[in-house]
Amino acid sequence: MRLTKQLIDAVQRLVVDTVQQRAASWGLATVTAVNSNGTVDIATALGSVASVRRQKSYTSPAVNDVVKVSRNADGNWIVDGALA
């Protein structure tokens, strides 16, 4: 039994998407809002993320800060801090 090229491509896309979603990663984001509860809203290459917790060392978040962010396999985000 031969698999069609279309089916092989679909399976490959599914595998790549699944691995990317489950892998921990880091990237850059821009702060879009500073919330009163110690979180910030960010804009990433993957889209907007609301109420992201930040490290205690990131003491003065501001809108338009470019920040390093990390995301774990469960989809949780954290702001590591602002770039100089």
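The preceding data block contains the structure.
In this numbering scheme, every chain counts its residues from 1 along its sequence in written order. Residue-level local features of this predicted model are given only where pLDDT is at least 70; pairs of side-chain atoms are given and counted only at 80 or more, and the full residue set underlies all totals for whole chains, interfaces and linings. Based on all heavy atoms of the structure, the side-chain values leave hydrogens and waters out of the count.

1. Quick word on the overall build of the protein chain
Part 1 of the argument: Numbering of helices and strands runs from the N terminus, with a helix taken as a DSSP run of H or I at least four residues long and a strand as a DSSP run of E at least two residues long. Scanning the protein chain from terminus to terminus reveals 1 helix and 5 strands.
Part 2 of the argument: Listing the helices and strands of the protein chain from first to last along the sequence gives α-β-β-β-β-β.
Part 3 of the argument: Remark: exposure states derive from per-residue accessible area (1.4 Å probe, protein chains only) relative to the maximum for the residue type, with buried under 20%, exposed over 50%, and partly exposed in between. Here the protein chain holds 84 residues, and 23% of them are scored as buried.
Part 4 of the argument: Whether two residues are in contact is decided by their heavy atoms: any pair within 4.5 Å suffices. Contacts in the protein chain between residues far apart in sequence, at least 24 positions, make up 49% of those at least 6 positions apart.
Part 5 of the argument: A total accessible area of about 6,100 Å² is found for the protein chain, and carbon and sulfur atoms account for 55% of it. Every accessible area reported is derived by Shrake-Rupley at a probe size of 1.4 Å, with residue values counting cover from the shown protein chains alone.

2. What to know about the nonpolar core
Part 1 of the argument: Definition used in this section: a nonpolar core is a set of buried Ala, Val, Leu, Ile, Met, Phe, Trp, Tyr and Cys residues joined via side-chain atoms within 4.5 Å. Counting residues in each nonpolar core, the largest one holds 10 residues, listed as Ala 29, Val 31, Val 40, Ile 42, Val 49, Val 52, Tyr 58, Val 67, Val 69 and Val 79.
Part 2 of the argument: Those elements giving two or more residues to this core turn out to be strand E1 (25-34), strand E2 (39-44), strand E3 (47-54) and strand E4 (66-71).
Part 3 of the argument: Once residues lying within four places of it in the same chain are set aside, the contact partners of Ile 42 are Ala 29, Thr 30, Val 31, Thr 32, Gly 47, Ser 48, Val 49, Val 52, Val 67, Val 69, Trp 77 and Val 79.

3. Re the sheet that holds E4
Part 1 of the argument: Two strands make a pair as long as DSSP finds a minimum of two bridges between them. The 5 strands are arranged E1-E2-E3-E5-E4 in a closed barrel whose pairing can be described as mixed. Across the sheet, the axes of successive neighbouring strands diverge by a mean angle of 50°, strand direction being ignored.
Part 2 of the argument: Alignment of E1 against E2, held across 4 bridges, turns out to be antiparallel. In the strand pairing of E2, Val 31 is matched with Ile 42. Axes here mean lines fitted to C-alpha atoms, for a helix over just the part in contact, with angles spanning 0 to 180 degrees between N-to-C directions.

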